[in-house]
Amino acid sequence: MRSVKVILILLAILGVCAIAKRTSTRAPDQSKPFLLEQDKLNKPTQKRIVISASTVLDGRGRVLHDVRIVIEGSKIVAVETKADPKGAPADYDLRGLTVLPGWIDAHVHIAWSFGKDGKNGSGGWTAEEAAYQTASNAWVTLMAGFTTVQSVGSPADVPLRDAIAQGKLPGPRILTAVEPLMGRGEQTGTPEEIRAFVRKQKMAGADLIKIFAAGGPSRPAMTLSQEQLNAACDEAKKQGLRTLVHAYKDAVRAATLAGCTQIEHGVLATDDDLKLMAAKGAFLDPQAGLVWENYLLNKEKFVGTLGYPNSLAGFASMEKLIPMYHEFIQRALKIPGLKIVFGTDALAGSHGRNAEEFIDRVRDCGMDPMAAMVSANSLGAEALGMSNQIGAIAPGLQADIIALEGDPLKDILAVRRVLFVMKGGVVYKNTPSSVRH
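Residues numbered from 1 in each chain as written. Predicted model: local features only at pLDDT ≥ 70, side-chain atom pairs only at ≥ 80, totals over all residues. Heavy atoms only, no water.

1. Describing the pattern of salt bridges
Pairing between side chains of opposite charge can happen when the charged atoms of each approach one another.
Argument step 1. Scanning all chains against the criterion turns up 24 salt bridges.
Argument step 2. Residue Asp-411 pairs with Arg-417 through a salt bridge whose shortest N-O separation is 3.5 Å.
Argument step 3. A relative accessible area of 29% places Arg-417 in the partly exposed class.
Argument step 4. In this structure, a network of salt bridges that share partners links the residues Glu-192, Arg-195, Arg-199, Asp-234, Glu-235 and Lys-238. (Salt bridge = Lys/Arg side-chain N within 4 Å of Asp/Glu carboxyl O. Buried < 20%, exposed > 50% of the residue type's maximum accessible area, 1.4 Å probe, protein only.)

2. A closer look at helix H6 (residues 250-257)
Helical periodicity: at 3.6 residues per turn, an α-helix aligns residues three or four positions apart in one direction.
Argument step 1. Within the sequence span of H6, burial applies to Ala-251, Val-252, Ala-254, Ala-255 and Thr-256.
Argument step 2. Here the buried face of H6 lies against strand S11 (214-216), strand S12 (219-222), helix H5 (226-238), strand S13 (242-247), strand S14 (262-265) and helix H7 (271-280).
Argument step 3. Of the residues trailing H6, Gly-259 is marked for its positive phi of about 80 degrees. (Helix = DSSP H or I, 4+ residues; strand = E, 2+ residues; numbered from the N terminus. Contact = heavy atoms within 4.5 Å.)

3. Some points on the state of the cysteines
Argument step 1. The tally for this structure, following the rule as stated, stands at 1 disulfide.
Argument step 2. Here Cys-233 pairs with Cys-260 through a disulfide, and the sulfurs are 2.0 Å apart. Looking along the S-S bond of the Cys-233-Cys-260 disulfide, the torsion reads about 90 degrees, which is the right-handed sense. Here Cys-233 is found in helix H5, whereas its partner Cys-260 is found in the loop between H6 and S14, with 27 residues between them in sequence.
Argument step 3. Judged by relative accessible area, which is 1%, Cys-233 ranks as buried. (Disulfide = S-S within 2.5 Å.)

4. Some points on the sheet that holds strand S7 (residues 146-151)
Argument step 1. Reading across the sheet, the 3 strands line up as S6-S7-S8 and stay open at both edges, with parallel pairing between neighbours. Because the sheet does not close on itself, it has two edges, and the strands there are strand S6 (103-108) and strand S8 (173-176). Ignoring which end each strand starts from, the neighbouring axes of this sheet average 15 degrees apart.
Argument step 2. Judged from the 4 bridges that link them, S6 and S7 form a sheet pairing that is parallel. When the bridges of S7 are listed, Val-108 appears paired with Ser-151.
Argument step 3. Packed on one face of the sheet, helix H3 (residues 157-165) meets S7 and S8 and runs near 150 degrees to S8. (Pairing = 2+ DSSP bridges. Axes fitted to C-alpha atoms, helices over the stretch in contact; angles between N-to-C directions.)

5. What about the packing of H6 against H7?
Packed helices, taken two at a time, are described by the angle between their axes plus the distance between the axes.
Argument step 1. Running from N to C, H6 and H7 point in directions that differ by 20 degrees, and their axes come no closer than 9 Å. One finds that H6 runs roughly parallel with respect to H7. For the pair H6 and H7, the sense of crossing is left-handed. Residues Val-252, Arg-253, Thr-256 and Leu-257 of H6 form the contact with H7, whose participating residues are Asp-272, Asp-273, Leu-276, Met-277 and Lys-280.
Argument step 2. Residue classes in the contact of H6 with H7 are distributed as 4 nonpolar, 1 polar and 4 charged. (Parallel < 35°, antiparallel > 145°, perpendicular 65-115°, else oblique. Left-handed = near helix turned anticlockwise from the far one by under 90°. Nonpolar A, V, L, I, M, F, W, Y, C, P; charged D, E, K, R; others polar.)

6. As for unusual backbone geometry
Argument step 1. Phi at Val-178 takes a positive value of approximately 55 degrees, unusual for a residue other than glycine.
Argument step 2. Here Val-178 shows up in the loop between S8 and strand S9 (181-182).
Argument step 3. The backbone phi angle of Leu-268 is positive, close to 80 degrees, even though this residue is not glycine.
Argument step 4. Looking at the secondary structure, you find Leu-268 in the loop between S14 and H7.

7. A few points about the packing of aromatic side chains
Think of a pair of aromatic rings as described by two things: how far the centres are apart, and how the planes are tilted against each other in angle.
Argument step 1. Overall, the coordinates contain 12 aromatic pairs when judged by the stated rule.
Argument step 2. The interplanar angle of 55 degrees and the centroid separation of 4.9 Å between the aromatic rings of Trp-103 and Phe-358 together place this pair among those described as tilted. Of the two residues, Trp-103 sits in strand S6 while Phe-358 sits in helix H11 (residues 356-365), which places them 255 residues apart along the sequence.
Argument step 3. Phe-358 sits in the buried class, given a relative accessible area of 0%.
Argument step 4. Ring geometry for Trp-292 against Tyr-295: centres 5.7 Å apart, planes inclined by 70 degrees, an arrangement best described as edge-to-face. Of this pair, Trp-292 and Tyr-295 both sit in helix H8 (residues 290-297), 3 residues apart, which is roughly one turn of the helix. (Phe/Tyr/Trp six-rings, centres within 6.5 Å; stacked < 30°, edge-to-face > 60°.)

Next comes the structure, spelled out in structure tokens:
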């Protein structure tokens, strides 16, 4: 109930902001979240919009040059290549930037924030303050170029998802797991009880089912049996839902054999396990460093809280995990046909810094920059079952478009320089050309 109250208060706050915007004669301030370019929050206009671009990464692995992207309402209606640069003027001239589809993050915790005392999970915020925290998480994620995220495991995600979808709140498109299935051995329940849990999540509005089938990298033992995993993933399929499985070591193979959709983390899986995933068409979502870097950067805020070390010295073991994850991704990249998608596990402290994961994957794991981009575009859309809606710059798809200063194929640090963000035909960020050099 508290999460719903938080969102209701947030919507009231946004209503005031929207009224203030419409009565203001000042130009929009790009540094402030709720002052959008459109008069109506998150509502695309029906007018025809044209974007001119000199370099476009189409999200499917191709580079296009001298392009005009035509948008009507929320969708792309045409992608004109070899466009005459002296043709009709564009509404948005993004020449000199690298244009690509809005990114997809397959694993975030969008509602997680530090408490009022600065500690992880401590709360202490009033409903109004908590609403602003949640709004801020959504806003900075969108401003970083992420137009779709998959938030795995909080009932608070549901009203947030719906508020954004209804145009009442600016933020990325959200898919949520509502409550995760926590593996606790036999205490988790019988296969029939697990099926009932999956159906309950479906009724609660879940877009997918999140399953914890193992502990962590230091305690990777399975927490669900093969029979329990089979029941969870089979029932999810019957309900039309995908399954994301938190898995390490043996749980990776077990989840793959159960027909689950996507493996989260995956460290300690063997090459044979990864080959089985490729053969079965399962997606892998590993993390190259952002989540661990965030823990270390904010260790004073995590220390002593639920699930984290009781002393700062305990965080030294986390630092040692980063090379283990790098080695795992390096092995995974060598498996033919393995579908590696982009997910950050963004939580308190890392919202809005999601793109750092690209840098970790390319710089530290040797991932091809184009493959990194595709993993957060068309491949990410495929994993979400949304290839017919997002993930590429192509006619008929949502107009989710971002632009970077620099070329991420030559300098992966360019992912930090997002100057333009459009989601569903609405422009949320358009850095003045005078700032672009």
